Amino acid sequence: MTDTLAPDTDALKRDLIDRISAAADEAALEEARVFALGKKGVVTEQMKRLGGLSDAERRTVGPALNGLKNDVAAAIEARRAVLAEAALTERLARERLDLTLPVRPGPLSAGRIHPVSQVTEELTAIFADLGFAVAEGPDIETDHYNFTSLNFPLGHPAREMHDTFFFNPKPDGSRMLLRTHTSPVQIRTMETTQPPIRVICPGRTYRNDSDQTHTPMFHQVEGLVVDETATIGHLKWVLEEFCKAFFEVPKVEMRFRPSFFPFTEPSMEVDIRCKRSGSEIRIGEGEDWLEILGCGMVHPNVLRAGGIDPDKYQGFAWGMGIDRIAMLKYGMPDLRAFFDADARWLAHYGFRPLDLPTLFGGLSA
């Protein structure tokens, strides 16, 4: 051999380099590597034969084979880099993201707040501005809190005004029930709070009734004020200010008609002036009237049931349906749709989750 590769080594190098260059993927390249440099590869076999050569031959053939081995290894790494670059280019082309497509809406933009939840927040914002706190109570009540403490004597015909859902009798004969109004919260508040008291009581209520304007489960909010100087004049002012803020009109005209509720005396139904145009109702204008709530001065018996001296304190209360005033404000024709869980209805009538109602920013902005 000479200082250059022997002809047979040159031919082997060309053959191996051609195999490496022809490898179309990582698997083919690995086959070429094993063929050349594996445990039984052609270069490895040549290296094994060095032990049978003379010293003079080893000094010539050894460096030539080491050079061949290094050249083949370098060619393999170069081809591996080319294949990796090609694979990356092909993958990027296959997985390319079209940035011209619109971004899919996330939960905060696609989600909607139910109108009942929205109107409850609106009520809370308005009455909080008027100095009212929020009080809550259990949905499952006793006969005492739902009826007796609210001046419904046993056998009184007013109990028949409420189509009540009763539970099975207990061993002592008493029966729990689903509350028919949120008024029990007023008694519970009076029992635990010293006057002056200013609270609203929003929540779910239950009556066995179902049609276009009634459902077995619905939502009410009641208000209670108890102090030494509460009057009907204060009651009228609170309701007028609420209606102006809630319906977002500069003025309202209200009509108070005598009525009967066991827990208030005197009791009144409240109408608000409106204009009807087809299915549309405009509050604060027109020549028509629309009933929206009931109210009155708290009956002395109710104050006594709550542990408050009626000779020292007096108060007023009112109640209205949250679902009903939501229908009036936002033009929803059928109360039953509130409970259908129809995503299309909610997308149409629902509210964006981050648009919280505030008096300074607009309740329904």
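This section reports on the structure supplied with the text. (Residues numbered from 1 in each chain as written. Predicted model: local features only at pLDDT ≥ 70, side-chain atom pairs only at ≥ 80, totals over all residues. Heavy atoms only, no water.)

## Quick look at the overall build of the protein chain
- The helix and strand inventory of the protein chain stands at twelve helices and ten strands.
- Taking 365 residues into account, the globule formula puts the C-alpha radius of gyration at 21 Å, and the protein chain, at 43 Å, lies well above it.
- Here the C-alpha coordinates of the protein chain stretch approximately 130 × 55 × 40 Å along the principal axes.
- When the 365 residues of the protein chain are sorted by exposure, 39% land in the buried category.
- Sequence-distant contacts, at least 24 apart, represent 64% of the contacts inside the protein chain between residues at least 6 apart.
- Of the roughly 20,500 Å² of accessible surface on the protein chain, 54% is carried by carbon and sulfur atoms.
- A gap of 5 Å separates the mean positions of the 42 positive and 53 negative side-chain charges of the protein chain. (Helix = DSSP H or I, 4+ residues; strand = E, 2+ residues; numbered from the N terminus. Rg over C-alpha atoms; globule rule 2.2 N^0.38 Å. Buried < 20%, exposed > 50% of the residue type's maximum accessible area, 1.4 Å probe, protein only. Contact = heavy atoms within 4.5 Å. Areas by Shrake-Rupley, 256 points an atom, 1.4 Å probe, with all protein chains shown as cover. Lys, Arg positive; Asp, Glu negative; His and termini not counted. Charge placed at Lys NZ, Arg CZ, Asp CG, Glu CD.)

## Brief notes about the packing of helix α2 (residues 26-37) against helix α4 (residues 55-94)
- Taken N-terminus to C-terminus, the directions of α2 and α4 make an angle of 175 degrees; their axes are 11 Å apart at the nearest point. Judged on the interaxial angle alone, α4 and α2 are roughly antiparallel. Side by side, α2 and α4 meet where E26, L29, E30, R33, A36 and L37 of the first sit next to K69, V72, A73, I76, R79, R80 and L83 of the second.
- Across the contact of α2 with α4, the residue classes break down as seven nonpolar, no polar and six charged. (Axes fitted to C-alpha atoms, helices over the stretch in contact; angles between N-to-C directions. Parallel < 35°, antiparallel > 145°, perpendicular 65-115°, else oblique. Nonpolar A, V, L, I, M, F, W, Y, C, P; charged D, E, K, R; others polar.)

## Observations concerning the environment of R33
- With respect to the element layout, R33 can be found in helix α2.
- As a C-alpha pair, R33 and D98 span 65 residues in sequence and 39 Å in three-dimensional space.
- Those residues in contact with R33, other than ones at most four positions away along the chain, are G38 and I76.
- Side chain to side chain, R33 and E30 meet in a polar contact 2.8 Å long. (Polar contact = N/O pair within 3.5 Å; in protein donor to acceptor, adjacent residues only side chain to side chain.)

## Points about the packing of aromatic side chains
- Counted by the stated rule, this structure contains 14 aromatic pairs.
- Ring centres of F147 and F152 lie 5.3 Å apart, and the angle between their planes is 70 degrees; on these two criteria the pair is classed as edge-to-face. The exposure classification of F147 matches that of F152, with both residues buried.
- With 5.0 Å between their ring centres and 70 degrees between their planes, Y330 and F351 make a pair best called edge-to-face. Residue Y330 is found in helix α11 (residues 322-330), and its partner F351 is found in the segment after α12 (343-349); the two are separated by 21 residues along the sequence. (Phe/Tyr/Trp six-rings, centres within 6.5 Å; stacked < 30°, edge-to-face > 60°.)

## What to know about the packing of helix α9 (residues 232-247) against α11
- As a packed pair, α9 and α11 sit with axes 11 Å apart at the nearest point and diverge in direction by 50 degrees. By the criterion of interaxial angle, the relationship of α9 to α11 is oblique. Packed against α9, whose contacting residues are F242, F246 and F247, the element α11 presents I325, L328 and K329 at the interface.
- In terms of residue class, the contact of α9 with α11 is made up of five nonpolar, no polar and one charged.

## Digging into the state of the cysteines
- Going through the model one piece at a time under the given rule, you end up with zero disulfides.
- Left unpaired, C243 is separated from the closest cysteine sulfur, that of C295, by 10 Å.
- Here C243 falls in the buried class, since its relative accessible area comes to 1%. (Disulfide = S-S within 2.5 Å.)

## Considerations on the nonpolar core
- Residues L239, F242, C295 and W318 are the most contacted members of the largest nonpolar core, which totals 47 residues.
- Excluding residues within four positions of it along the chain, F242 makes contact with L123, I126, F127, M320 and I325.
- Core analysis: the next-biggest nonpolar cluster, separate from the first, contains 22 residues, Y145, L177, I197 and F261 among them. (Core = buried A, V, L, I, M, F, W, Y, C linked by side-chain atoms within 4.5 Å.)

## What about the pairing of strand β9 (residues 288-298)?
- Extensive coverage of β9 is indicated by the burial of eight of its eleven residues.
- Of the pairings in the sheet, the one linking β9 to strand β10 (residues 314-321) comprises four bridges and is antiparallel in character. Looking at the pairing, C295 lines up with W318 of β10. (Pairing = 2+ DSSP bridges.)

## Things to note about the pattern of salt bridges
- Tallied over the entire structure, the rule returns 22 salt bridges.
- The salt bridge partner of D342 is R344, with a shortest N-O separation of 3.0 Å.
- Salt bridges sharing partners connect three or more residues here, namely E90, R91, R94 and E95. (Salt bridge = Lys/Arg side-chain N within 4 Å of Asp/Glu carboxyl O.)

## Remarks on α4
- The end-to-end C-alpha distance of α4 is 57 Å, a good match for the 58 Å that 40 residues give at a rise of 1.5 Å each.
- V61, G62, A64, L65, L68, V72, A75, I76 and L83 are the residues of α4 that are buried. (Expected span 1.5 Å × (residues − 1).)

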